[in-house]
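# Chain and residue survey
Spelled out, the chains give:
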Amino acid sequence: MLVFLLYLLMNQNLSIRAIYIIDENKICFAANNGVFGYSDDAGKIWYLDTIRIQNYVPQFRSIEALNDSTILILSIDSPAYLLKTNNKGRDWKVVYQSHDNGVFFDAMKAKSENEIWAVGDPINEHPNLIYSLDNGDTWIKYEEKYLPKTVNNEAFFAASNSNIAFIKDELLLVSGGHSSNMFSINIQNKTYLKRSLPFKISGNMTGAYSIDVFDKNNFIVAGGNYDNNDKEFVAFYFTKNGGKSFESINYEENFFGSCVKYLNKNQLYITGQYRDWE
């Protein structure tokens with residue numbers, strides 16, 4: 001599978017930032033240039049499609065599989081399109097679109113098969129959140145008055161479709177840019193909590209890029225500085241108390257983390273700009 005994806009990257013100038021592993025055999029991805037891929041034999045054979053919307057070429061950076069046939073993919077900037085398939089990508093329908101100025105979607109994640117959320121860069125100093133409660137068929141914009149304010153040039157990086165997570169009814173978002181924060185949004189109570197993250201801030205490409213949750217107390221955040229991969233920028237922080245405080249992990253090599261995932265409570269997998277770590 002890895003060899004095939006490298007072949008794609010080298011021969012089609014692809015940037016694959018959204019990959020979803022459904023099970024040990026089924027995997028799908030969405031990329032730039034409107035490319036979607038699906039394999040149900042652990043990557044031995046791939047179904048590939050190049051999606052066009054009235055001659056427009058969408059740039060995909062978000063993907064979510066609700067089951068092995070139903071998949072959602074989301075493009076980034078205006079016009080932004082969210083597409084759904086019920087047959088592994090053989091047919092697509094547009095279920096949401098936005099032509100608003102400033103729209104830039106970064107990530108999407110399902111809380112359940114019925115409930116899916118997507119986050120975009122701030123508009124009017126608030127995160128741009130949309131959600132669906134009917135398997136992705138219709139989408140609603142979450143009201144700004146129930147969201148925290150962001151600062152100028154604070155954003156949610158579209159690096160790996162992983163700056164969004166859930167702890168029960170709590171939606172977690174991590175940001176970067178000129179400020180790096182973790183936003184905890186209680187969906188049911190419509191309340192929020194904003195916590196500063198300890199990443200060093202030095203330009204538009206610094207801060208948190210990815211978050212993963214093991215349980216209500218233990219989760220991890222990866223990031224750093226995309227433009228300056230040195231020890232001055234700590235790339236990894238973890239919490240054992242639900243985000244009340246964070247501790248750093250200093251690695252012997254310099255690295256930047258664009259995506260982080262738990263293998264188990266004591267093992268992590270981090271992918272970065274230049275290599276991966278376990």
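So, here's what we can say about the structure.

Scoring rules and cut-offs
Residues numbered from 1 in each chain as written. Predicted model: local features only at pLDDT ≥ 70, side-chain atom pairs only at ≥ 80, totals over all residues. Heavy atoms only, no water. Helix = DSSP H or I, 4+ residues; strand = E, 2+ residues; numbered from the N terminus. Rg over C-alpha atoms; globule rule 2.2 N^0.38 Å. Buried < 20%, exposed > 50% of the residue type's maximum accessible area, 1.4 Å probe, protein only. Pairing = 2+ DSSP bridges. Axes fitted to C-alpha atoms, helices over the stretch in contact; angles between N-to-C directions. Contact = heavy atoms within 4.5 Å. Phe/Tyr/Trp six-rings, centres within 6.5 Å; stacked < 30°, edge-to-face > 60°. Lys NZ or Arg CZ within 6 Å of the ring centre and 35° of its normal. Salt bridge = Lys/Arg side-chain N within 4 Å of Asp/Glu carboxyl O.

Below, the discussion takes up the overall build of the chain. In terms of helices and strands, the chain carries one helix and 25 strands. Expected size for 278 residues packed as a compact globule is a radius of gyration near 19 Å; at 18 Å, the chain falls within 12% of this value. The C-alpha extent of the chain, read off along each of the three principal axes, is 45 × 45 × 30 Å. Within the chain, buried positions represent 50% of all 278 residues.

What follows concerns the sheet that holds strand β1 (residues 16–21). With respect to topology, four strands assemble into an open sheet ordered β1-β2-β3-β4, the strand pairing being antiparallel. Where the open sheet ends on each side, the last strands, each with one partner, are β1 and β4 (47–50). Between one strand axis and the next, the sheet turns by 15° as a mean value, whatever way the strands run.

Each strand in a sheet pairs with its neighbour through backbone hydrogen bonds, running either in the same direction (parallel) or in the opposite one (antiparallel). Taking strand neighbours across the sheet as the criterion, the four strands line up as β9-β10-β11-β12 in an open arrangement whose pairing is antiparallel. The sheet is open, and its two borders are formed by β9 (105–110) and β12 (140–141), each paired with just one other strand. One ladder, built from six bridges, connects strand β10 (residues 116–123) with strand β11 (residues 126–132); its direction is antiparallel. The residue bridging G120 from the neighbouring strand is N128, located in β11.

Going from S78 to P79, the amide bond is cis rather than trans, its omega being 0°. One can find P79 in the loop between β6 (71–75) and β7 (80–85). Here K190, not a glycine, exhibits a phi torsion of approximately 55°, which is positive. Of note, K190 is situated in the loop between β17 (181–186) and β18 (191–196).

A word on the side chain of T150. For T150, the position within the fold is in the loop between β12 and β13 (154–155). Using a relative accessible area of 6% as the deciding quantity, one classes T150 as buried. Leaving out residues up to four positions away in the same chain, T150 has contacts with P122, E125, H126, P127, F183 and K194.

Here the focus is the packing of aromatic side chains. Here the structure, examined in full by the defined rule, presents 15 aromatic pairs. Ring centres 6.1 Å apart and planes at 85° place the aromatic pair Y96 and F105 in the edge-to-face group. Given the relative accessible area of 18%, Y96 is considered buried. Arranged with centres 6.0 Å apart and planes meeting at 65°, the rings of F156 and F183 form a pair that is edge-to-face. Here F156, found in the loop between β13 and β14 (164–167), pairs with F183, found in strand β17; they are 27 residues apart in sequence, far enough to count as distant. Of the two residues, F156 and F183, neither departs from the other in class, the shared state being buried. Clustering of aromatic rings is evident, with ring pairs tying together W117, Y131, Y142 and Y146. Just above the ring of Y47 sits the side chain of R90; from NZ or CZ to the centre is 3.9 Å.

Opposite charge on two side chains lets them pair, provided their charged atoms get close. With the rule as written, the count across this model stands at seven salt bridges. K149 is the salt-bridge partner of E125, the closest N and O atoms lying 3.5 Å from each other. Taken as a pair, E125 in the loop between β10 and β11 and K149 in the loop between β12 and β13 lie far apart in primary sequence, 24 residues in all. E143 is paired through a salt bridge with K145; the nearest N and O atoms lie 3.8 Å apart. Owing to a relative accessible area of 59%, K145 belongs among the exposed residues under this scheme. Through salt bridges with shared partners, a single network forms among K84, K93 and D137.

On to the pairing of β7, then. For β7, the tally of buried residues reaches six of six residues, placing the bulk of the element in the interior. Every second residue of β7 is oriented toward a common face, with A80, L82 and K84 on one face and Y81, L83 and T85 on the other, all of them buried. Across four bridges, the pairing between β6 and β7 is antiparallel. In the strand pairing of β7, I71 is matched with T85. Pairing geometry for β7 and strand β8 (residues 93–98), over five bridges, is antiparallel. Bridge pairing in β8 links L83 to V94.

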